[in-house]
2 protein chains.
Amino acid sequence: MNHLVIMAGGVGSRFWPMSTPECPKQFIDVLGTGRTLLQLTVDRFRDVCPVENVWVVTSVRYRDLVREQLPGIPSDNILLEPCMRNTAPCIAYVTWKIKQRDPEAVLVISPSDHIVLDTAEFVRVVRKGVAFVSAEERILTLGMVPTRPETGYGYIQVKPQGTLHEGEIRDVEAFREKPDLATAQAYLSAGGYYWNAGIFLWNIRTVEKAFRDNCPAIAAVFDRLEPAFFTPQEQEEVNELFPTCPSISIDYAVMEHARNIFVFPASFGWSDLGTWGSLYEQIPRDAAGNAVVGAGVRMVESGGCVVHVPAGRRMVVQGLQDCIIAESDGVLLICRKSDEQRIKEFSAALNA
Amino acid sequence: MNHLVIMAGGVGSRFWPMSTPECPKQFIDVLGTGRTLLQLTVDRFRDVCPVENVWVVTSVRYRDLVREQLPGIPSDNILLEPCMRNTAPCIAYVTWKIKQRDPEAVLVISPSDHIVLDTAEFVRVVRKGVAFVSAEERILTLGMVPTRPETGYGYIQVKPQGTLHEGEIRDVEAFREKPDLATAQAYLSAGGYYWNAGIFLWNIRTVEKAFRDNCPAIAAVFDRLEPAFFTPQEQEEVNELFPTCPSISIDYAVMEHARNIFVFPASFGWSDLGTWGSLYEQIPRDAAGNAVVGAGVRMVESGGCVVHVPAGRRMVVQGLQDCIIAESDGVLLICRKSDEQRIKEFSAALNA
């Protein structure tokens, strides 16, 4: 059976004040569609796996947000991390737990705060990917065909002399961290480099073996916790033992050591919505180029602005060019779009 | 005895959204001092007349606002207009009512939404003015010594060959409406022109006679109402008869016909705060020239802005020049300071 694992524990700071530690980006209707990014993530897997096979790993502090936003998910499927230990312990926890229910499971690991515009192509790729990894010890990543020399993403480089599997899946040579502009341009010219979308497919046995081989300390923690899974004692024991895991990402813990890694190059209108600029690209714009989420906003003689305010906020913006205007929970930010990388600084100014 | 009459029925639209028909400018802490303009008006007369001699004429809709903001004023002294009939009926009503209590009263008629920075000089001028009109049939206006060719104020022209009374009071030649810039500049060059601050001093007999001579229709209405004053029936009868008054300003009804009019030229840091620009001039500015009312506002790389938001609003403004940012009651306006005369249009855009 296919299982979807959504990692929803992130605390985005780049979208402050829309996104706050109390309610990060994945729990927000960022696009103004009426669905949060987390809900959209579940929605697009609707034809890939049944809702009882959807698992969400998040922080204890977001338990109620997840339950409210995904009322169809069994509460057993909402896993609560007592503290942040990066992605490797998070994936091990959910893998060990699913293993108890369905040792033949194929897992699709997905971020909770990205968007996909072409759901049909997305579903085709994921289904084919699931078939590719279900019976073999393979780790499949999804690689986005790059459309610009983006410096905000990691890249996956394919093996130049590698084999073409199933007509479109390639062997991975290496993972490349976020490049500078010249390097990103060289990647695009060279070809064979894809954006790392952070989506992984593998079966339970492959994940388990990868942890036992490369990260035995983490495997040991969840071996100890296993008897408590699906019992009233689970959370208490997790609270005690989860913090003893090393804080390490799945990339460092597993990917860098594995040899059986593949990439599925694809184009399904993906964005990690990592910046206001990328959000601006994804929201429908008015004739003056304003991307506005907020039914009560009127733009007058303003252009190139991105506005994200609560639906009930009534606002007139006149004479502004290329600004970010964002409001959430009583905090308002007005700043230049070109200065969005300084948002942490602006946030700090408020609390100074 | 001296009585202060505050006209507090105005519905300012130029300061939207800070000022709204539900809560106009006079009821707002515009300067961020912790006192509303109405409260500041009463405060600065503290040494001129006792609080039981303070009268407020306002609209029925603002009754609760006045009571809340001026808890020391006897409720008999709060006069409620059932509808707007401009300033002449308003002044007649309060005059007829005070006459019943104190026929020897001297009235100081004052707007509720102006500011005065030099209270000591203000008190000196008002006291001297009261003495000037108490025993004589005289109407005394306060004329502000102009410091710039302001086109937003009316002017009072002194009689070139007139007498100097009490060393500083002049005879009035004419009232001049808001001039264009060239005319305003000519006024300044010529001398003998003063800004009309909308403050009048006269005794009860003078006011009554002025109405009987020039506006007998209004006098007749309040003659009829007189028996109901200070009784439980007063409001009901006022509600019935007040609307029968012609809608006319005190200037047209009385001032233009009177001959015994004087002006007291003075300088006590007066402003009618009629525009965001004039408010900007009156609020202390930071090093970058931002005039900010709102404890939770942080200005970053912004200059020449005027900001007026509720104390609890947390806001960062970065990279804006010469803008107005105003919020009240869930409505936010961001616009260019140079376009402030279009605020009605911006307000309409929101309701379109």
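For the structure itself, consult the block above.
Since the structure is predicted, the reported quantities are computational estimates derived from the model, not experimental observations. (Residues numbered from 1 in each chain as written. Chains lettered and ligands numbered in written order. Predicted model: local features only at pLDDT ≥ 70, side-chain atom pairs only at ≥ 80, totals over all residues. Heavy atoms only, no water.)

**Here we look at the pattern of salt bridges**
Residues and elements named next belong to chain A.
Move 1: On inspection of all chains with the given rule, the structure shows 50 salt bridges over all chains.
Move 2: Note that D213 is salt-bridged to K209, the shortest N-O span being 2.9 Å. A residue pair is termed a helical-turn pair when its members lie 3 or 4 positions apart in one helix, as D213 and K209 do in helix α6 (residues 204-214) at 4 residues.
Move 3: Across the pair R342 and D339 runs a salt bridge whose closest N-O atoms are separated by 3.6 Å. (Salt bridge = Lys/Arg side-chain N within 4 Å of Asp/Glu carboxyl O. Helix = DSSP H or I, 4+ residues; strand = E, 2+ residues; numbered from the N terminus.)

**Some points on the state of the cysteines**
Residues and elements named next belong to chain B.
Move 1: Scanning the model with the defined rule gives 0 disulfides over all chains in all.
Move 2: Just so you know, C83 is unpaired, no disulfide at all, and the nearest cysteine sulfur is the one on C245, 8.2 Å from it.
Move 3: You can see C323 has no disulfide; the closest cysteine sulfur is in C305, sitting 5.0 Å from it. (Disulfide = S-S within 2.5 Å.)

**Focus on helix α11 (residues 343-351) of chain B**
Given 3.6 residues per helical turn, the α-helix brings residues three or four places apart onto the same face.
Residues and elements named next belong to chain B.
Move 1: By the burial criterion, the buried members of α11 are I343, F346, S347 and L350. Viewed end-on, α11 has its buried residues packed into an arc of 100 degrees, placing them on one side of the element. Facing away from the buried side of α11 by over 90 degrees, the exposed positions are K344 and N351. (Buried < 20%, exposed > 50% of the residue type's maximum accessible area, 1.4 Å probe, protein only. Arc of directions from axis to C-beta.)

**Here's the deal with the relation of the copies chain A and chain B**
The two chain copies are connected by a rotation around an axis plus a translation along it.
Move 1: Its rotation angle being 179 degrees, the transformation that places chain A on chain B also includes 0.0 Å of axial translation and leaves an RMSD of 0.1 Å. The transformation just described matches what one would write down for a two-fold rotation axis. Considering only C-alpha atoms, the residue of chain A closest to the rotation axis is A:L320, which sits at 4.2 Å.
Move 2: A symmetric contact is evident, with 100% of the interface residues of chain A recurring at the interface of chain B. (Least-squares fit on C-alpha atoms with pLDDT ≥ 70 in both. Contact = heavy atoms within 4.5 Å.)

**Section: the interface of chain A and chain B**
Move 1: Contacts between the two partners involve 30 residues from chain A, matched on the other side by 30 residues from chain B.
Move 2: Where chain A packs against chain B, one counts 4 salt bridges.
Move 3: For the salt bridge of B:E301 with A:R342, the shortest nitrogen-to-oxygen distance reads 2.5 Å.
Move 4: Across the contact surface, chain A and chain B share 22 residue pairs in polar contact (both at pLDDT 80 or more).
Move 5: For the side of chain A that touches chain B, the secondary structure elements donating two or more residues are β14 (297-300), β16 (314-318), β17 (323-328), β18 (331-336) and α11 (343-351) of chain A.
Move 6: For the side of chain A that touches chain B, the element with the highest residue contribution is β18(A), accounting for 6 residues.
Move 7: Broken down by class, the residue content of the side of chain A that touches chain B amounts to 17 nonpolar, 5 polar and 8 charged. (Polar contact = N/O pair within 3.5 Å; in protein donor to acceptor, adjacent residues only side chain to side chain. Nonpolar A, V, L, I, M, F, W, Y, C, P; charged D, E, K, R; others polar.)

**Quick notes on the packing of helix α3 (residues 87-101) of chain B against helix α6 (residues 204-214) of chain B**
All names here are of chain B.
Move 1: In the contact formed by α3 and α6, the axes pass within 10 Å of each other and the chain directions differ by 130 degrees. When the interaxial angle is binned, α3 and α6 end up oblique. α6 is crossed by α3, and the crossing has left-handed handedness. The segment α3 lies against α6, with A88, I91, A92, T95, W96, I98 and K99 engaging I204, V207, E208, F211 and R212. (Axes fitted to C-alpha atoms, helices over the stretch in contact; angles between N-to-C directions. Parallel < 35°, antiparallel > 145°, perpendicular 65-115°, else oblique. Left-handed = near helix turned anticlockwise from the far one by under 90°.)

**So, the packing of α6(A) against helix α7 (residues 216-225) of chain A**
Each pair of packed helices gets described by two things: the angle between the helix axes and the distance between those axes.
Residues and elements named next belong to chain A.
Move 1: Orientation of α6 relative to α7, taken along the N-to-C sense of each, is 120 degrees, at an axis distance of 6 Å. Classified by the interaxial angle, the pair formed by α6 and α7 is oblique. Mapping the contact onto sequence places F211, R212, D213 and N214 in α6 and P216, I218, A219 and D223 in α7.
Move 2: The residue makeup of the contact of α6 with α7, split by class, is 4 nonpolar, 1 polar and 3 charged.

**Digging into α6(A)**
Residue and element names in this part refer to chain A.
Move 1: Taken as a whole, α6 has its buried residues at I204, T206, V207, E208, A210 and F211.
Move 2: In this structure, the buried residues of α6 make contact with α3 (87-101), β4 (106-111), β6 (139-144), β10 (193-203), α7 and α9 (250-255).
Move 3: Regarding α6, its N-cap is N203, as a side-chain oxygen of that residue lies 3.2 Å from the backbone nitrogen of R205 further along.

**Notes on the sheet that holds strand β15 (residues 306-308) of chain A**
Move 1: If you walk across this open sheet you meet the 6 strands as β13(A)-β15(A)-β17(A)-β18(A)-β16(B)-β14(B), and the pairing is mixed. Either end of the sheet is taken by a strand with one partner, and the two such strands are β13 (291-293) of chain A together with β14 (297-300) of chain B. Here the strands of the sheet are splayed against their neighbours by 5 degrees on average, with no regard to which way each runs.
Move 2: Packing against the sheet, α11(A) makes contact with β17 and β18 of chain A together with β14 and β16 (314-318) of chain B, and its axis sits at approximately 135 degrees to β16(B). (Pairing = 2+ DSSP bridges.)

**Re the packing of aromatic side chains**
Move 1: Taken as a whole and assessed by the stated rule, the structure comprises 34 aromatic pairs over all chains.
Move 2: Each ring, one from B:Y153 and one from B:W195, has its centre 5.0 Å from the other, and the planes form 65 degrees; the classification is edge-to-face. Residue B:Y153 is found in the loop between β6 (139-144) and β7 (155-158), and its partner B:W195 is found in strand β10 (residues 193-203); the two are separated by 42 residues along the sequence.
Move 3: With relative accessibility at 5%, the residue B:Y153 sits in the buried group.
Move 4: Aromatic ring contacts, followed pair by pair, group A:Y93, A:W96, A:F211, A:F222, A:F229 and A:F242 into a single cluster.
Move 5: Lying across the ring of A:Y280, A:R285 places its NZ or CZ 4.9 Å from the centre.
Move 6: Here the guanidinium or amino end of B:K337 rests over the ring plane of B:Y280, the centre of that ring lying 3.6 Å away. (Phe/Tyr/Trp six-rings, centres within 6.5 Å; stacked < 30°, edge-to-face > 60°. Lys NZ or Arg CZ within 6 Å of the ring centre and 35° of its normal.)

**Some points on the sheet that holds strand β15 (residues 306-308) of chain B**
Move 1: Sheet architecture is open: 6 strands sit in the order β14(A)-β16(A)-β18(B)-β17(B)-β15(B)-β13(B), paired in mixed fashion. At either margin of the open sheet sits one strand with a lone partner, and together these are β14 of chain A together with β13 (291-293) of chain B. Direction aside, the axes of adjacent strands within the sheet are offset by 5 degrees on average.
Move 2: With 6 bridges joining them, strand β17 (residues 323-328) of chain B and strand β18 (residues 331-336) of chain B adopt antiparallel strand pairing.

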